Amino acid sequence: MPSVAQPDLPAEVGAAIDALGNRVKAAAIRSLLVEGPATQTELAERLNVNRANLQRHLAVLEELGVLLVQPPRSEPDVRRRAHSVNVDRLRQLHGDLGRGIGLD
C-alpha cells in the first residue's frame with residue numbers, strides 16, 4: 001500500500017494547507033467573513049453540516065489562530081461561544097502559502 005505523500009515544504013506552508021485545504025474549513029471561514037460571527041451550532045446550520053464534524057475543523061482553525069472565540073476558552077462554563085475570523089492571521093497564511101509554492 002502506498003504511503004501518504006509528505007513532500008518537504010516549509011512549516012508555514014503546511015499550516016496554510018491545514019487551514020485552507022479543506023472545503024468545510026473554507027466554507028466556515030467564508031460564512032464567518034460574509035455573514036458574521038456565529039456559534040458552532042449556528043455555523044453548522046448555515047453550512048448544513050454535521051456539528052461533530054464541524055467541531056473538528058473549527059478546533060484546527062482555532063489552533064492555527066485563524067478563528068477567534070468569544071468569550072475565550074479560559075472562561076469556564078460558557079455555553080455560547082461565538083467564532084469569528086482573525087483576518088490578519090488568514091492573510092498571513094495566504095501569503096505564506098503563495099511564497100511557499102514559489103509565487104513570490
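Structure's up top.
The structure displayed is predicted, hence computed values, not measured ones.

## Some details on a nonpolar patch on the surface
For step 1, the next point in the chain: A cluster of nonpolar residues, Leu-33, Val-34 and Val-87, forms a patch on the protein surface that exposes about 250 Å² of accessible area.
For step 2, the next point in the chain: Among the secondary structure elements, Leu-33 is positioned in helix α2 (residues 23–35).

## A closer look at the packing of α2 against helix α4 (residues 51–63)
For step 1, the next point in the chain: Relative orientation of the contacting elements α2 and α4 amounts to 70°, with a least axis distance of 10 Å. With respect to each other, α2 and α4 are oriented roughly perpendicular. Contacts between α2 and α4 involve Val-24, Lys-25, Ala-28 and Ile-29 from the former and Leu-54, His-57, Leu-58, Val-60 and Leu-61 from the latter.
For step 2, the next point in the chain: Its residues assigned to classes, the contact of α2 with α4 comprises seven nonpolar, one polar and one charged.

## Considering the packing of helix α3 (residues 40–47) against α4
For step 1, the next point in the chain: Running from N to C, α3 and α4 cross one another at 110°; their axes reach a closest spacing of 10 Å. When the axis of α3 is compared with that of α4, the two are roughly perpendicular. Seen along the crossing, α3 lies across α4 with a hand that is right-handed. Two secondary-structure elements touch here, α3 through Gln-40, Thr-41, Leu-43, Ala-44 and Leu-47 and α4 through Arg-51, Leu-54, Gln-55 and Leu-58.
For step 2, the next point in the chain: Grouping the constituent residues of the contact of α3 with α4 by class yields five nonpolar, three polar and one charged.

## So, the side chain of Arg-89
For step 1, the next point in the chain: Structurally, Arg-89 is set in helix α5 (residues 87–100).
For step 2, the next point in the chain: We note that Arg-89 is buried and unpaired, the nearest opposite charge coming from Asp-96 at a distance of 4.6 Å.
For step 3, the next point in the chain: In terms of polar contacts, Arg-89 uses its side chain to reach the side chain of Gln-92, at 2.9 Å.
For step 4, the next point in the chain: Beyond its immediate sequence surroundings of up to four residues, Arg-89 is in contact with Ala-15, Leu-64, Gly-65 and Val-66.

## Notes on unusual backbone geometry
For step 1, the next point in the chain: Here the bond from Gln-70 into Pro-71 is cis, since omega is -10°, no more than 30 degrees from zero.
For step 2, the next point in the chain: Checked against the element boundaries, Pro-71 lands in the loop between β1 (67–70) and β2 (82–85).

## Focus on α4
For step 1, the next point in the chain: Helix length check: α4 (13 residues) gives 18 Å between terminal C-alpha atoms against 18 Å at 1.5 Å per residue, within 8%.
For step 2, the next point in the chain: Residues of α4 that are buried include every one of Leu-54, His-57, Leu-58 and Leu-61, and no others. One side of α4 holds all its buried residues, which, seen down the axis, span an arc of 100°. For α4, the exposed residues lying more than 90 degrees away from the buried face are Arg-56 and Glu-63.
For step 3, the next point in the chain: Next to the buried residues of α4 lie α1 (11–20), α2, α3, β1 and β2.
For step 4, the next point in the chain: The N-terminus of α4 is capped by Asn-50, whose side-chain oxygen sits 2.8 Å from the backbone nitrogen of Ala-52.
For step 5, the next point in the chain: Just past α4, the residue Gly-65 takes up positive phi, approximately 85°.

Cut-offs and rules
Residues numbered from 1 in each chain as written. Predicted model: local features only at pLDDT ≥ 70, side-chain atom pairs only at ≥ 80, totals over all residues. Heavy atoms only, no water. Patch = residues over 30% accessible without salt bridge, like charges linked within 9 Å, V, L, I, M, F, W, Y side chains within 5 Å. Areas by Shrake-Rupley, 256 points an atom, 1.4 Å probe, with all protein chains shown as cover. Salt bridge = Lys/Arg side-chain N within 4 Å of Asp/Glu carboxyl O. Helix = DSSP H or I, 4+ residues; strand = E, 2+ residues; numbered from the N terminus. Axes fitted to C-alpha atoms, helices over the stretch in contact; angles between N-to-C directions. Parallel < 35°, antiparallel > 145°, perpendicular 65-115°, else oblique. Contact = heavy atoms within 4.5 Å. Nonpolar A, V, L, I, M, F, W, Y, C, P; charged D, E, K, R; others polar. Left-handed = near helix turned anticlockwise from the far one by under 90°. Buried < 20%, exposed > 50% of the residue type's maximum accessible area, 1.4 Å probe, protein only. Lys, Arg positive; Asp, Glu negative; His and termini not counted. Polar contact = N/O pair within 3.5 Å; in protein donor to acceptor, adjacent residues only side chain to side chain. Expected span 1.5 Å × (residues − 1). Arc of directions from axis to C-beta.

Structural measurements only, silent on function.
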